[in-house]
Structures are given as C-alpha cells and as structure tokens.
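Here is how the chains run, residue by residue.
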Amino acid sequence: LTQQGQIMGTVPYMSPEQIRADVLDARSDLFSLGVILFEMVCGRRPFLGDTPVDLISSILKEEPPDPGKVRSELPEPLARVISRCLAKDRQARMVSAIELRDHLLKIRDESPRDSRAEEQASPAPRTVAVLPFETLGRKEATAFTDGVHGDILTRLSKVPDLSVTSRISVMQYRSPDRSLPEIANELGVTWVLLGEVQEAGNQVQVNARLVEAAQDRQVWAESYRRQLTAENLFELQSELTEEIAAKLQAQLTPEELRAGRQLPTRNLDAYRLYVEGLRHLEQWTEEEMRQAAESFQRALDCDPDYALAWAGLADALSLLRWYGFAEPEGAPTPEAASRRAVELAPDLAEAHLSRAIVLSSSRLSDGPRALREFEEAIRLQPSLAIAYVWMGWLHLLMGSPEQAVGPAEQAVELDPLAPQARVFLAEIYLARGETEAALREAIRARELQPEKPFCHYIEALALYHLGRLTEAQAVLEKTLTLAPPSEQMPTHSQINAL
C-alpha cells in the first residue's frame, strides 16, 4: 500500500525524521514512546495543532514543554528522561529501549514511596470464608454436602490471591445465630460464600452465593444442576471455584486451572467414604482416629488409586502412633500410605502434608526433609493452616522455638477459631518463655472448645509455669474429668520439648 516518499503512521506520535521520510532506526520509536510518556504524566500531548499540517510543523520546529513545569510534582529525573526522548536530534536521545528501561527502573527504585498513597491504592484483601453448606430437605448435612463444601473450600485455598478460612474455623457456623457481618468480623474476612446442596434421585443441584459481608450485600449467585456422577460433581466444583475466583479478581494460572479440573476419583462410594473419614479425623480422639482409618481404607477398597484417601489414611495412622495408640491390624504403615499418596498425586498439597507429618513423628523422623515437605504443601495450597501448625511444632521439636513462632502465628491467623492451632501456639510461647502469651492463647482455646481435655491441659501448664499452682491444680482436676481412658493427655516428646 505504501509508495515511495509517502508518510505512514499516526501523526501526533511521529518523530521528526519519520515526517521527513529519513532513514529510521530504534531512536524514532523512543521519540514516539516519549510522546506517550509525556501524555501519560501530563494529561496532554507535547505537540499540538488544529490540523495535521499544524501538528507536523509543531513536531518539526517547536520544542516540547518541560514535563516538570506542566506537572510540578513530577520527579525531576523522570522529567529529564521524557525530555531526552523528545529531543529533535536523534543523537541526543538514548541509544536503545534497554537504556531507557534502566533509567526508568533506577528512578522507580530511588523515588521516595508515599506509604499513605500506597495504602489507599492497594486493593481490599481477598479474604474468604466458605460457611458450611446446607442440605436442602434435611436437617443434617449429608456426606455429599460436606464433601462439596470441603472441596470448594480446599480448591479456593489453593488460589494464591485468596486467603481462605479453614474448615475447622467455619464448621461452628453450621447453624449460625449471628448475622453475616458478625460472622465475618469474628473470622476476619471480607467475603462469605454460602451454599446449599440438594440430591434428588440421580440428580444433584448446588446453589451458591457470594456476599460482601460488611454490607450483607449479595454480589453473585449461581445454581448448578448435574447428573450425580463423580465426574459431574467435580466438574461442578471446578466451575464454581473458577467463577468465584474471577468475581474476586483472583488470578488462576493455566496450571492451576488444569489441576482444579483433575478428577480425584471416579467412584462416588469412595468419595463418600473419604468424606466420612475426614469427619472422624477432625475429632482427634482414639476412637474417631480408628474410625477415620477404617473409612479411608474402605474408600481405597473402592478406588485403590485415590490419592486423597491414601493421604487421609496416612494422617490417621500417624496420629494414632503420635499419641501412643496401637495401630489397626492389617493397616499399612503411615510411611507407606504417605509415599503412595505422593506417588499418585505429586502436586497434591495434602499428600505432601501427610508425608511431612510422617517424617515429623515416625520412627524415621527426619526434620529437614519434613520441613521441605511442609514448604511444598504450603506452596501448593497457601491457606493450608494445619501445615503451618505442624511446621511450627516441628521447629520446636528441633530446638528452634524462635523459628517456630512464625508458622504457629500464621496458622492462628488463617484458622482463628481452631483450638488446636491456639494450643500449639501456646506450647511454643511456653518454650520461648512467653508465659503470659501462652496463657492467653490457652484460655482462648479452652473458650473455643471447652469439652476438649487438651485445651484445659495447656492452660494448666501455663498456670504452673506462672507459679499459680492452686489454679493449675484445679484446671488439671477438671482435665481428668473430661478425659476418658481412651483420651488421656499425651506424655510424648511434647512435654519433653517443653
């Protein structure tokens, strides 16, 4: 389309040599970029004209205004760089875009930062609580309802741009008697996700809605109805997660999208048994741990390649061993179960967490390898609060209470209403000699779950170290009334470490 001597381009951004149809090089592009930079910081172009002829004349003959005089608050080094880009003589410009980039980076790094402006410009934190889903038509949640709720919570917690409150903290709101703004304030979140699950014959429907908690304002809602198969159930959860992430402007990489669409299992019975196992495992008593191990093993009987069930089985067996209880007859070792989980799903956070717990607590204890596994689990699922709990505990067992407190405090931040997280933090504070802080966390744990003996036990330990012996004895006596023979407080390396 071009002809010899014809000028091609957008006139306001042309360099003088382009207008004159001279031989061009990269410095002509730097002039055009200088025009754009001037327009960005000054709100107007450097060369003006009512007609194309007037504009061409201005570019060829007139000196551009000093950007620093048009915008007095502009950093002087930046004004100089823009003026140099707009020099009529190409010899006075920079040689290359690399040189220009280096100048701009230096200006950025040396410029004083306005922390107040940065704070005002920063986006609202993307903190989310996924409240327990309801089962439509029933008073109690079914395994599928708990499964859908737990899976969506887990999927969202793998999105790096989101901070998701853990399952333990949200489960107490299964039948909330407080408003959403009150719940969000207790959990320290900006957004709340609510949902319902309905099973009808061979169909399943999931309703979900996202609420901006402070104003109790619904910003998104959707219903999903599918034939009840494992493939459809997990596909539904993937769609829901992606929609919520998009609504909260959280970025999912192609790798994260692919990982979220993988099928954990194609067997619905295995999925149901896995969810049952999680319910038992959350209770942390000997009987519940044994039932959890049985449920996970039955899930594996249905689907031997179900990595999550292998990870769950490893966790149940590790906890039984950790507390000195006999392991179930015929069960694999925690080491074997955790290795199988990682082999089947090397990108599964829960698998690496199980492996780390085994390496922390088994006869094959290996602190450095366990720490690497914890770090990998957190990389794969940044909001995995329990990984921070165990990592802090491992630092403590390795004789590094200073390194333990950071992960333990992060666990409490992610899981503020989980008594286990606060008990572990209290124990770490004790090891650091911060006894008052330990007592504060112990009391909060006991308030959260007064029926749990270990919450009272750590409070008594803190009182003992403070020299408040009469109070410590009273709390210990209370502890013994709560602990049946199957749930005596451990005398494991925990106490030795303290």
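A quick note: this is a predicted structure, and the numbers were derived from the prediction, not measured. (Residues numbered from 1 in each chain as written. Predicted model: local features only at pLDDT ≥ 70, side-chain atom pairs only at ≥ 80, totals over all residues. Heavy atoms only, no water.)

Here we look at a nonpolar patch on the surface
Item 1. Taken together, the side chains of Leu33, Ile36 and Met40 define a hydrophobic patch exposed on the protein surface, amounting to about 280 Å² of accessible area.
Item 2. Residue position: Met40 is located in helix H2 (residues 26-42).
Item 3. Take Met40: its relative accessible area is 62%, and that puts it in the exposed class. (Patch = residues over 30% accessible without salt bridge, like charges linked within 9 Å, V, L, I, M, F, W, Y side chains within 5 Å. Areas by Shrake-Rupley, 256 points an atom, 1.4 Å probe, with all protein chains shown as cover. Salt bridge = Lys/Arg side-chain N within 4 Å of Asp/Glu carboxyl O. Helix = DSSP H or I, 4+ residues; strand = E, 2+ residues; numbered from the N terminus. Buried < 20%, exposed > 50% of the residue type's maximum accessible area, 1.4 Å probe, protein only.)

Description of the packing of aromatic side chains
Item 1. Per the stated rule, a full pass over the model turns up nine aromatic pairs.
Item 2. Note on Phe144 and Tyr271: the rings are 6.3 Å apart at their centroids and 20° apart in plane angle, and the pair reads as stacked. Taken as a pair, Phe144 in helix H8 (residues 143-157) and Tyr271 in helix H13 (residues 268-281) lie far apart in primary sequence, 127 residues in all.
Item 3. By relative accessible area, which is 1% here, Tyr271 ends up buried.
Item 4. Relative to Tyr306, the ring of Tyr274 has its centre 5.5 Å away and its plane inclined at 50°; by these criteria the two rings are tilted. (Phe/Tyr/Trp six-rings, centres within 6.5 Å; stacked < 30°, edge-to-face > 60°.)

Re the pairing of strand S6 (residues 217-227)
Item 1. Judged from the ten bridges that link them, strand S5 (residues 203-212) and S6 form a sheet pairing that is antiparallel. Within S6, the position partnered with Val211 by the bridge is Gln218.
Item 2. Hairpin connection, S5 to S6: the antiparallel pair is bridged by four residues, and Asp216 has positive phi, about 50°. (Pairing = 2+ DSSP bridges.)

A look at helix H20 (residues 401-414)
Item 1. In this model, H20 (14 residues) spans 20 Å end to end at C-alpha, consistent with the 20 Å of a helix rising 1.5 Å per residue.
Item 2. For H20, the set of buried residues is Pro401, Ala404, Val405, Pro407, Ala408, Ala411, Val412 and Leu414.
Item 3. Of the surrounding secondary structure, the elements contacted by the buried residues of H20 are strand S3 (163-164), helix H19 (385-397) and helix H21 (419-431). (Expected span 1.5 Å × (residues − 1). Contact = heavy atoms within 4.5 Å.)

Some points on the packing of helix H23 (residues 453-465) against helix H24 (residues 469-482)
Item 1. Across the interface, H23 lies against H24 with an axial gap of 8 Å and an inter-helix angle of 165°. In this view, H23 runs roughly antiparallel relative to H24, as classed from their interaxial angle. Considering only the axes of H23 and H24, their crossing is left-handed. Residue-level contacts link Pro453, His456, Tyr457, Glu459, Ala460, Leu463 and Tyr464 of H23 to Leu469, Glu471, Ala472, Val475, Leu476, Lys478, Thr479 and Leu482 of H24. (Axes fitted to C-alpha atoms, helices over the stretch in contact; angles between N-to-C directions. Parallel < 35°, antiparallel > 145°, perpendicular 65-115°, else oblique. Left-handed = near helix turned anticlockwise from the far one by under 90°.)

Examining the side chain of Ser169
Item 1. Among the structural elements, Ser169 can be located in helix H9 (residues 167-170).
Item 2. With sequence-adjacent residues up to four places away left out, Ser169 is seen in contact with Leu187, Asp415, Pro416, Leu417 and Ala418.

Section: the pattern of salt bridges
Item 1. A complete count under the given rule lists 32 salt bridges for this structure.
Item 2. Here Arg217 makes a salt bridge to Glu212, at a shortest N to O gap of 2.4 Å.
Item 3. Assessed through its relative accessible area of 41%, Arg217 is described here as partly exposed.
Item 4. By sharing partners, the salt bridges in this structure join Asp25, Arg27 and Arg90 into a single network.

Some thoughts on the pairing of S5
Item 1. In terms of burial, S5 is largely enclosed, as eight of its ten residues are buried.
Item 2. Note: strand S4 (residues 191-200) against S5, ten bridges, orientation antiparallel. Counterpart to Gly195 in the pairing with S5 is Ala208.

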